[in-house]
Structure formats: structure tokens, C-alpha cells
There are 2 protein chains.
Amino acid sequence: MHSVNFTAETSSDGVVERDFTVGEVTGALWSPASGAERAPLVLMGHGGGQHRKAPAMVGRARRIIDHCGFNVATIDAPGHGGRPRTAHDEKEIAEMLRARAAGEPEGPVVVRYNAHLAERALPEWLATLDALQRLPEIGAEGPVGYYGLNMGTAIGVPLVAVEPRITAAVFGLHWPDVLAEPASRITIPIEFDLQWDDEHIDRQAGLALFDAFASKEKTLHANSGSHKELPRFEADSAARFFARHLGRAATSSA
Amino acid sequence: MHSVNFTAETSSDGVVERDFTVGEVTGALWSPASGAERAPLVLMGHGGGQHRKAPAMVGRARRIIDHCGFNVATIDAPGHGGRPRTAHDEKEIAEMLRARAAGEPEGPVVVRYNAHLAERALPEWLATLDALQRLPEIGAEGPVGYYGLNMGTAIGVPLVAVEPRITAAVFGLHWPDVLAEPASRITIPIEFDLQWDDEHIDRQAGLALFDAFASKEKTLHANSGSHKELPRFEADSAARFFARHLGRAATSSA
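Analysis parameters
Residues numbered from 1 in each chain as written. Chains lettered and ligands numbered in written order. Predicted model: local features only at pLDDT ≥ 70, side-chain atom pairs only at ≥ 80, totals over all residues. Heavy atoms only, no water. Contact = heavy atoms within 4.5 Å. Buried area = accessible area lost by both parts, 1.4 Å probe. Salt bridge = Lys/Arg side-chain N within 4 Å of Asp/Glu carboxyl O. Polar contact = N/O pair within 3.5 Å; in protein donor to acceptor, adjacent residues only side chain to side chain. Helix = DSSP H or I, 4+ residues; strand = E, 2+ residues; numbered from the N terminus. Expected span 1.5 Å × (residues − 1). Buried < 20%, exposed > 50% of the residue type's maximum accessible area, 1.4 Å probe, protein only. Axes fitted to C-alpha atoms, helices over the stretch in contact; angles between N-to-C directions. Parallel < 35°, antiparallel > 145°, perpendicular 65-115°, else oblique. Left-handed = near helix turned anticlockwise from the far one by under 90°. Least-squares fit on C-alpha atoms with pLDDT ≥ 70 in both.

Trainee: I'm lost on the interface of chain A and chain B in this one. Help?
Mentor: Reports of interface size often rely on the accessible area that becomes lost once the parts have come together. Contacts between chain A and chain B engage 22 residues on the former and 22 residues on the latter. Counting each side, the surface lost to burial between chain A and chain B is near 1900 Å², with a carbon and sulfur contribution of 49%. It is Trp196(A), Ser224(A) and Phe233(A) in chain A that bury the most area against chain B; as a group they hold 28% of the surface buried on that side. Here chain A is connected to chain B by two salt bridges. In this structure, Asp211(A) and Arg203(B) form a salt bridge, with 3.0 Å as the shortest nitrogen-oxygen distance. Where chain A meets chain B, there are 13 residue pairs in polar contact (both at pLDDT 80 or more). Elements represented by at least two residues in the side of chain A that touches chain B include exactly helix H6 (203–212), strand E9 (218–223) and helix H7 (233–246) of chain A.

Trainee: Just to check I follow, could you spell out helix H4 (residues 151–162) of chain B for this structure?
Mentor: In an α-helix, one full turn covers 3.6 residues, which means residues spaced three or four apart are oriented alike. Residues and elements named next belong to chain B. The end-to-end C-alpha separation of H4 is 18 Å, in line with the 16 Å expected for 12 residues at 1.5 Å each. Along H4, 11 of the 12 residues are buried, which leaves the element largely enclosed by surrounding structure. The complete set of buried residues in H4 reads Met-151, Gly-152, Thr-153, Ala-154, Ile-155, Gly-156, Val-157, Pro-158, Leu-159, Val-160 and Ala-161. The secondary structure elements touched by the buried residues of H4 are strand E4 (41–45), helix H3 (107–133), strand E6 (144–148), strand E7 (166–172), helix H5 (180–183) and helix H6 (203–212).

Trainee: How should the packing of helix H1 (residues 55–68) of chain B against helix H7 (residues 233–246) of chain B be read in this particular structure?
Mentor: Between two packed helices, both the angle of their axes relative to each other and the distance between the axes serve to describe the pair. Residues and elements named next belong to chain B. At a closest axis distance of 9 Å, the pairing of H1 and H7 adopts a crossing angle of 45 degrees. If you check the angle between H1 and H7, you find them oblique. In this structure, H1 crosses over H7, and the sense of that crossing is right-handed. Every residue of H7 that contacts H1 at Arg-60, Arg-63, Ile-64, His-67 and Cys-68 is listed here: Ala-235, Asp-236, Ala-239, Arg-240, Phe-242 and Ala-243.

Trainee: Is there a simple way to think about the environment of Lys53(B) in this case?
Mentor: All names here are of chain B. If you trace the backbone, Lys-53 turns up in the loop between E4 and H1. Residue Lys-53 is classed as partly exposed on the basis of its relative accessible area, which comes to 26%. For the pair Lys-53 and Leu-29, spaced 24 residues apart in the sequence, the C-alpha separation amounts to 9.8 Å. Setting aside residues no more than four positions away along its own chain, Lys-53 makes contact with Glu-17, Asp-19, Ala-28, Trp-30 and Val-58. A distance of 3.1 Å separates the side chain of Lys-53 from the side chain of Glu-17, its partner in a polar contact. In terms of polar contacts, Lys-53 uses its side chain to reach the side chain of Asp-19, at 2.9 Å.

Trainee: How do you make sense of the relation of the copies chain A and chain B when you look at a structure like this?
Mentor: Superposing the two chain copies requires a rotation about an axis and a translation along that axis. Superposition record for chain A on chain B: RMSD 0.0 Å, screw rotation 180 degrees, translation along axis 0.0 Å. These values place the two chain copies in the arrangement generated by a two-fold rotation axis. Measuring from the rotation axis to each C-alpha of chain A, the shortest distance belongs to His221(A), at 2.4 Å. Mapped onto chain B, 100% of the interface residues of chain A are again interface residues, and the two copies thus contact each other with one and the same surface.

Interpretation in functional terms is not warranted from these geometric data alone.
See the structure below:
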């Protein structure tokens, strides 16, 4: 059983950022400088090729802290953020780059490779959540959310399907091929982001993944624009979603 | 040229509500009690069978005032809110009630009747907007939004298609049959509400109306649940949408 080992700490504008390791896994934890004892925890999964402290992660963490006062944690996915790559990683990444350069669809490689990464990432997330909940400032009683798009959805959907401690999630921007089945076992409230003019993910495929969730409460946010043009106001919307569902004063009609 | 004639005024919790007439048209204007001189104006269209001060109208007006400090105006649609019904109104309403009682789809009657009401309502909205903008506390320079679902969309889409003073709009919950054409002439930012399990409006039909808007910036909010189960948090989202697009400090990335 691994514990959280803090390796660095910085603070700015009311947010404390701490790098940590849990065994071999590298992560980051953001908390309100004013203290967030026993506050809810949001786990965030980064996109493919990114890392635990990519600008999108830092920006979303700050929005959640500013809006909700929660704790926010990310970990580097296998083969990401300086973590060692296997020969299989190198082969799949080369294949994806080859397809992209050739103007071929990336989807088939990305779907297959992300499913492989999800299998490796799941036990890492579970061990990280166990370790974070043993920290006195987080604790095991508070609600937990998950927020991840792109590869963060490919890893997050199977994670949420097996982890009952996670009670609200924001997903999006992925194909349904591998994920529709675990999504059909998810019943917690979901917010789902989709780009209406996504050049990689067919519109009907994106809608099919949203449709697959068994959640009684689920909301689709589809914005005009290409795959990378997700509006920043969706990060604000996600923060409000977590405030509604994980906040101590949350109500179903809020 | 008709002016705004105020007929009643009440005030509660920081909101001033004034009933008015513009010619034969009855309306209501809500403003912050703290004063909203030259603040933006949001026009709201009510649903079928409702009226200018239906609970949804009052609730949405309060949210917009609390969140944005704007002015909000509604008018009773033709044949609604105590306004006289024509023989044609009576015939169509009877036909709709008959279809409902027989368990037949209401859509064909509602689409046809709403299109008829929109034709009658358009000149009334234009005269009302003219008159409201001649009020010293509103003025002709401020930005104008439109917010209407169900019949409020059936009237609002053709209105927005011809009225360049309206620069942001929230629509939703309607069939595309008559509205896709005027929607294809609309280029302003749009937020669009759809119920994923709508028992009256087929999912692909709802998506087709969202798709029809020519707007570069448009966002679909699709929530699980039946036609009448639109979550209340969508009214908060609409208020934030108007704050982003009509607010004095609005930026495209806000």
C-alpha cells in the first residue's frame, strides 16, 4: 500500500500546488491556500500527449478551486509526463503519428491505444485515490468527482464504472467503440462535452457515447467548432456541475 | 406609433415589475430596483398556453436580473394571457386538445398553429421593442437578447431572423419543420435547449433544428428527461449566456 509522497510545493493567488508520487506514479494536488480540510476531491485525467500539469489541467484546477473550494488531483497517465514508455507505447505513438501525417483517420489507433492505457491506468488511479483519502486534509468521507476529456474520458469511463466513490463526472470528446459498454454501467450524474464539427470524431459517434450512459441525470454540451475548439466557458460549467453535485449544500434542482 | 403605457407596478426583493400595454398588446417589464438605466434588454417569449407572467417567465426574469442586472420584457402572444382569441385560435386549440386526448402526436397541429401565431406576433414584438427603446431608462443603444422555448422559439426564430437589434438568443424545445429555414439565416450566438427523451419532439428533429442555425457560436444543452423536465439550472445557464454576450465587459472567451 503506497502513501502520498509530496516532492514539491508552490503557492500563488490563493492556490497551493503540490507535486507528489504514489509508488511509481507522478501526480499533482491543488488546494485552496485558505485550507480545504475534508473538502470534496475532483480527480482530473489529462488528454493524450499531455501531462499532469498541462495548461488545461492547471486552468481547470484553478476554476474548481475558485468556484468550489475543492481539492483537485491529477496523475500522469502511463507513458506520459516523463513516465517511462514501453516498446508498445513507442509503436502505437509512431503508428498514430504516421496516420496523422498520411491524412488517415487517427480514430482507430487512438481508440485502441487509449483502451490499452486505460487498463494500465485504472489500478494506478485506485491506488492514488486510496492514498489521497488517507491524507488528513482530504479524508475518506468526502465526495469525489472525475473530470477528463479525450484520453481522460477513455481512462475515466472504465474507472468510474468500477469505482463507487466517484459520484459525479464530466466526460467528452471520445469515440463510443470501447466506452459504450462501461458507460452503460454508469448511473451517476454526467456532464458530457462534444464538438459539433469535430473533424476526428463523427457527430453520431459522439452522440452515441453520450446516449450510452445509464445516468438518470446527464447533460450534453455540444458546441460549434472543431475538435480543439472546446470553449473555455465549458471549464466554468464543469466547476458549477461539481459544485451542484459534490457541494455540501448541493440540491438536485440547483 | 404606439408608446409603452404602464398600467401597474409592484416591487419585491430588489426587482420592479411593471405591467404595460403597447397598443392592444399586454406585456410585463422587470428591472433591478437599484436602477438599470441603459442596461441591456432581454425579450422573453412564453410557451404555448402560458402568459407574460407565467411562473417560468417570472423565475427567468429574476435570474437574469440577479445575475446580470439587465431589463427583461415579455408580451402575451396573440390569443394568450387574456388577449382575445379568434375563431381560428379556438379551432386549432380544439384540434390540439382532441389530438392529445386521442393519444395522437400533437406535433403537426402545434407546428402549424405556432407558425400562424408567429406571423401575428412578429409585428407586435417589433412595435414593442421600438416602444421599449424609446423609454429613457432603456434607450436605443443597448444590446438586446431574446429568450424563448417551445412556442417562444416558434415565434423567436423568425423574429431574430429579421431583427438585427437582437444579438444573442436562447431557443429550444421545438420541431425544425417551419423553423429550419429562418434559423439558417441566423448568425448571432445561440444557446439551444433540448430534452434527450422528449416524448413529443423526436431527438433527430430537435438536433436538426440546432444544426440549422448558421451561427458560428452555438451551444446545444441536451438533458436527459421528458419534454417538461428541462432542469432549472438551464435558466441559470441562460442568464450566464446573456451576461457573456450582452454584458458590457463581455469577451468571447468569458
